[in-house]
Structures are given as structure tokens and as C-alpha cells.
Amino acid sequence: MITIRYFSHRLRQHLHRQLHTTTRMANKVTKEISLEDLKELMGKKQDLILIDVRTREEVAKGQIPGSINIPLDTVEAALIMHPEDFKAKYGINKPPLDAPELVFHCQMGKRGVAATSKAHELGYINACNYTGGYKEWSEKEGK
């Protein structure tokens, strides 16, 4: 019994260190994409998951076509939801951890970076941020 507890304790310590190392690494690297990159991804359509992390009030004034609204303060809760609950709430399948084209955006980029970092912390290895945000989109592509 003591041996099992010892190994269980050691395993928890190891996993804890791994989690914190991964988290530090995720916080240091946030992949960013440009307007041109986003438009190219939107042309493919099939794999793109575009998440708008602005408030509902901001989204009511306009949004990038095909985006779903998950406000920044709810991103973590959404990404750890059970897949069936996610689909019921947001109307799309929950992205897998290795989703190839998971893009976050906000109005001008800062909240998008925060959401992308949170996604990385949770294991979404390919998550990226559209740096221009809705501001650039609306100026260059129209509402």
C-alpha cells in the first residue's frame, strides 16, 4: 500500500511539473495570422473554427461571417465542456485538441491573444489569433 501511494504521489508531481512547463511554453508562443491568412482559411471553410471573443453587445454591431461568439470570460469554460454540451450551446462540434484551423479574434487583437493563450494552456496546439480583429475586417472587408 505504501508503495502504491509513493508512486501515485510521484506521478502527480511529474504530471504537475509537465502541466506547468507546457503552460509556460504556451504563454510564450502565440501564433498569429493576418487578414490574408484568415481569408485563405475562410475559402477552405471545412476545417475553420473562427471564435469571436468579444462581448455579445460588440458582436450585435457586426461580426466576421462564419464566426461563433464565445466571450473571453467564458472561453475556458467552453473549451473544457463536454462535446455534446458544447454543440448544444454553440451549434457546432467542439474542436478537438489538434483542430488544424482554430482561430480566435476580438476587436483589435489583445483579447484574441488572451483566448489563444488559454486555448494553448488547455492543449489546443494549433490555436492562433487573427491580429487585425473585427476592426481590420470591417474596415477592409466591410460588415
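Parameters at a glance
Residues numbered from 1 in each chain as written. Predicted model: local features only at pLDDT ≥ 70, side-chain atom pairs only at ≥ 80, totals over all residues. Heavy atoms only, no water. UniProt positions renumbered as here; feature names shortened; annotations may be inferred. Helix = DSSP H or I, 4+ residues; strand = E, 2+ residues; numbered from the N terminus. Contact = heavy atoms within 4.5 Å. Buried < 20%, exposed > 50% of the residue type's maximum accessible area, 1.4 Å probe, protein only. Pairing = 2+ DSSP bridges. Axes fitted to C-alpha atoms, helices over the stretch in contact; angles between N-to-C directions. Parallel < 35°, antiparallel > 145°, perpendicular 65-115°, else oblique. Nonpolar A, V, L, I, M, F, W, Y, C, P; charged D, E, K, R; others polar.

Colleague: Kindly report on the UniProt feature "active site" (unreviewed entry) in the chain, identifying the contributing residues and their values.
Modeller: According to UniProt, the feature "active site" (unreviewed entry) maps to Cys106 in the numbering used here. Along the polypeptide, Cys106 turns up in the loop between β4 (102–105) and α6 (110–121). In this view, Cys106 contacts Val53, Arg54, Arg111, Gly112, Gly133 and Tyr134; residues no more than four positions away in its chain are not counted.

Colleague: Any details on the pairing of strand β2 (residues 49–52)? Residues and values, ideally.
Modeller: Burial of the side chains of β2 extends over both faces: Ile49 and Ile51 are buried on one face and Leu50 and Asp52 on the other. With four bridges joining them, β2 and β4 adopt parallel strand pairing. Directly across from Leu50, in β4, lies its bridge partner Val103. With two bridges joining them, β2 and strand β3 (residues 68–69) adopt parallel strand pairing. When the sheet's bridge partners are listed, Asp52 is paired in β3 with Asn69.

Colleague: Which residues make up the packing of helix α2 (residues 35–44) against helix α7 (residues 133–141), and what are the values?
Modeller: Packed helices, taken two at a time, are described by the angle their axes make and the gap between the axes. Where α2 meets α7, the axes come as close as 11 Å, and the angle between the chain directions of the two elements is 75°. For the element pair α2 / α7, the angle class is roughly perpendicular. In this structure, α2 contributes Leu35, Leu38, Lys39 and Met42 to the contact, and α7 contributes Glu136, Trp137, Lys140 and Glu141. Looking at the contact of α2 with α7 residue by residue, the class counts come to four nonpolar, no polar and four charged.

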